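# Coordinate analysis (summary)
One letter stands for each residue in the lines below.
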Amino acid sequence: MSRTSDTSHTSEHTSDVLVVGGGIIGLVTAWRAAQRGLAVAVLDPEPGGGAAQVAAGMLAAVTELHYGEQTLLGLNLESARRYPDFAAELTDLTGHDLGYRRSGTLAVALDADDRAHLRELHALQRQSGLDSEWLSGRECRRLEPMLAPGVRGGLRVDGDHQIDPRRLAAALVAACERAGVAFHRTWAERLSVVRERAAGVVTREGEVLGAGQVVLAAGSLSGRFPGVPDDVLPPVRPVKGQVLRLTVPQRYAPFLSRTVRAVVRGSQVYLVPRENGELVVGATSEELGWDTTVTAGGVYELLRDAHELVPGITELPLTETRAGLRPGSPDNAPLLGPTGLEGLLLATGHYRNGVLLTPVTGDAMAHVLTTGELPDEARPFTPRRFGAVLTEQPA
Ligand code: GLY
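Residues numbered from 1 in each chain as written. Predicted model: local features only at pLDDT ≥ 70, side-chain atom pairs only at ≥ 80, totals over all residues. Heavy atoms only, no water.

Enumeration according to the criterion identifies 27 salt bridges in this entry. Salt-bridge contacts for Arg-32 lead to Glu-89; the nearest nitrogen and oxygen are separated by 3.1 Å. Placement of the pair is Arg-32 in helix H1 (residues 24-35) and Glu-89 in helix H2 (residues 70-94), with a sequence separation of 57 residues. On the basis of relative accessibility, which here comes to 11%, the residue Arg-32 falls in the buried class. Between Arg-185 and Glu-177 there is a salt bridge whose closest N-O contact spans 3.9 Å. If you follow the salt bridges from partner to partner, you end up with Arg-32, Glu-78, Arg-81, Arg-82, Glu-89, Asp-363 and Glu-377 in one network. (Salt bridge = Lys/Arg side-chain N within 4 Å of Asp/Glu carboxyl O. Helix = DSSP H or I, 4+ residues; strand = E, 2+ residues; numbered from the N terminus. Buried < 20%, exposed > 50% of the residue type's maximum accessible area, 1.4 Å probe, protein only.)

Right, here's the structure in full:
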């Protein structure tokens, strides 16, 4: 491990908190911290960009439950519980419609194996005390007539909602501006460390932005932010997701009335219908480093799998294809709070749940930035849980 001191001069831009990364996680952290009276700055060339521009925005605590992720489930449910008030506050404050839609989710099975898998998921959901109802294939089609005749059964989860992440990001930028958050629209070159403490960030232009506390919220880029000591660097990696956007012409509406999802040949596919006629189809999951190319194979697989679920999609205009990078962590859960380097905190590693976890992350980060302690619900997500990877500094 090497820890170097920064000898550059701090500019006149000094804040209590400097958030590196203006995606939804960085923005919600900045907004909530500013609401608590801290002087906050965000460093990002394009605030409101990042993975939120690609994500479908499913708030899927129940249908995305996986074995071994019960601790994460607690945080996901807590964030889902906070969503109505969070969305209402953000809309009241900014006037932005967030596309928040409480129309529920239907997870369906296309063959006997899928059906067995979904039955197991249903059992796990019930053991975990979650609301989820088993439906026959016919009942699924009665709810969603566009579903393929071959659908064998499914889980109706009315509590898994959706939001439009692009609108959410724009609203958070507006909320930050209203709360007095300063935006530095440039790239961060590296962390500035002075006397064994994070002291700010050096910009691409060579300016040092000083800060009492630095929050690294740069999504998948957080895992390779220069200047962060090796033993503190978060174990976060990019997991590529390709996503399609189709448009439902008025004459076909309502095409789907809720999110429909399935696992087809081992891959997740979901269709998220927005009120404005957009239909989001996602997503691939690819461990390909920093590549964000939209590939013919990715588009083909998504359309093939979505077509098996809802054959009528081939009639719809394909309006957009995008790829983004999920910040994956070793246990698929976020890293929140202080690190082994004084003055440096993390808000990253949200993997498949960044949009869902936005409200609880903002609250937890504002709490730790003002008190030094994570609130109870966020304690299991301390970066220090990775032990040897992220340890305290020896005295
Ligand atoms: N949460 C959906 C995805 O990551 O694809």
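What follows continues from the structure just given.
The environment of the ligand is formed by Met-58, Glu-64, Tyr-270, Ala-283, Arg-326 and Arg-352. Between the ligand and Tyr-270, the relevant distance is 2.5 Å, taken from an oxygen atom to a side-chain nitrogen or oxygen of the residue. Between an oxygen atom of the ligand and a side-chain N or O atom of Arg-326, the distance comes to 2.7 Å. Broken down by class, the residue content of the shell around the ligand amounts to 3 nonpolar, no polar and 3 charged. (Near = heavy atom within 4 Å. Polar contact = N/O pair within 3.5 Å; in protein donor to acceptor, adjacent residues only side chain to side chain. Nonpolar A, V, L, I, M, F, W, Y, C, P; charged D, E, K, R; others polar.)

Turning to H2, a few remarks are in order. Between its terminal C-alpha atoms H2 stretches 35 Å, which fits the 36 Å expected from 25 residues at 1.5 Å a residue. The largest bend in H2 comes to about 45°, at Tyr-83, with the proline Pro-84 one to four residues further on. Listing the buried residues of H2 in full gives Leu-72, Leu-73, Leu-75, Asn-76, Glu-78, Ser-79, Arg-82, Tyr-83, Phe-86, Ala-87, Leu-90 and Thr-94. Against the buried residues of H2 lie H1, strand E3 (58-59), helix H5 (165-178), strand E17 (335-338) and helix H7 (358-371). Where H2 terminates, the next one or two residues include Gly-95, which has phi positive at roughly 80°. (Expected span 1.5 Å × (residues − 1). Bend = angle between axes of the 7 residues up to and from the residue. Contact = heavy atoms within 4.5 Å.)

In this structure, Val-40, Leu-90, Leu-172 and Val-215 are the most contacted members of the largest nonpolar core, which totals 51 residues. Going through the elements one at a time, strand E1 (10-20), H1, strand E2 (40-43), H2, H5, strand E18 (344-348) and H7 are the ones with two or more residues in this core. The leading source of residues in this core is H1, at 8 residues. Once you skip the residues sitting within four places of it in the chain, Leu-90 turns out to touch Trp-31, Gly-95, Leu-98, Leu-168, Ala-171, Leu-172 and Ala-175. (Core = buried A, V, L, I, M, F, W, Y, C linked by side-chain atoms within 4.5 Å.)

Burial of strand E13 (residues 259-264) is extensive: 5 of the 6 residues sit out of reach of the surface. As paired elements, strand E4 (residues 105-109) and E13 share 3 bridges and run parallel to each other. Each bridged residue has a counterpart across the sheet, and for Ala-107 the counterpart in E13 is Arg-261. Examined bridge by bridge, E13 and strand E14 (residues 267-273) share 5 bridges and lie antiparallel to one another. Counterpart to Val-264 in the pairing with E14 is Ser-267. Here E13 folds back onto E14 in antiparallel fashion, the turn holding 2 residues, of which Arg-265 has a positive phi close to 50°. (Pairing = 2+ DSSP bridges.)

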